[in-house]
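A look at the structure
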Amino acid sequence: MRAVYPGSFDPFTPGHLDVVNRARNLFDEVVVLVAVNSSKHPGTDEEQRAAAVRAILPVDWTSVTVAAWSGLTSTYCRRHEVGVIVRGVRNTTDLRTEYQLAAMNQSLGVPTVFLPAQPELAAVSSTAVRTLGRGVTGPRTPMA
């Protein structure tokens, strides 16, 4: 089964990398979908963010691809034969928001799987990382 992991990824954080790592162990293929979110105002466009995510992913994660997208995630899923949406949740606030999106996507024919954040990564948000001025950096090494 193919899965999509959508987000604005501004920037891509260690928590995002962890969700991708766990999702690639659950699904045959994972597409990291760098999306446009009208309520967010990223510092770079989706193509630039997608390139940044590609540069971070370990090269041996061959079942993971990255795509930029500006439409509904469910539309991407239907057009590209993706069977499930993966979302990471850090806390109950995330869960409430994500549950509403999951219900909408389910009504459009695409189920959502939630992956809870690892405890040591739960406090890390893109906003906090952006404020500190750094995303995931370093060599392309597989996660343990």
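Residues numbered from 1 in each chain as written. Predicted model: local features only at pLDDT ≥ 70, side-chain atom pairs only at ≥ 80, totals over all residues. Heavy atoms only, no water.

**Regarding the packing of aromatic side chains**
What the rule picks out here adds up to 3 aromatic pairs. Their ring planes at 75 degrees and their centres at 5.1 Å tell us that Trp-69 and Tyr-76 sit as a pair that is edge-to-face. Judged by its relative accessible area of 14%, Trp-69 is buried. Through pairs of rings, three or more aromatic residues link up here, namely Tyr-5, Phe-9 and Phe-12. (Phe/Tyr/Trp six-rings, centres within 6.5 Å; stacked < 30°, edge-to-face > 60°. Buried < 20%, exposed > 50% of the residue type's maximum accessible area, 1.4 Å probe, protein only.)

**Observations concerning unusual backbone geometry**
The linkage connecting Asp-10 with the following residue, Pro-11, adopts the cis geometry, with an omega of 0 degrees. Among the structural elements, Pro-11 can be located in the loop between β1 (2-7) and α1 (14-26). A positive phi is found at Phe-9, a non-glycine position, where the angle reads about 50 degrees. Position of Phe-9 relative to the elements: it lies in the loop between β1 and α1. Taking relative accessible area as the criterion, Phe-9 reaches 4% and is therefore assigned buried. Positive phi is not limited to glycine here, since Glu-81 has a value of about 55 degrees. Secondary-structure assignment places Glu-81 in the loop between α3 (73-79) and β4 (84-89). (Helix = DSSP H or I, 4+ residues; strand = E, 2+ residues; numbered from the N terminus.)

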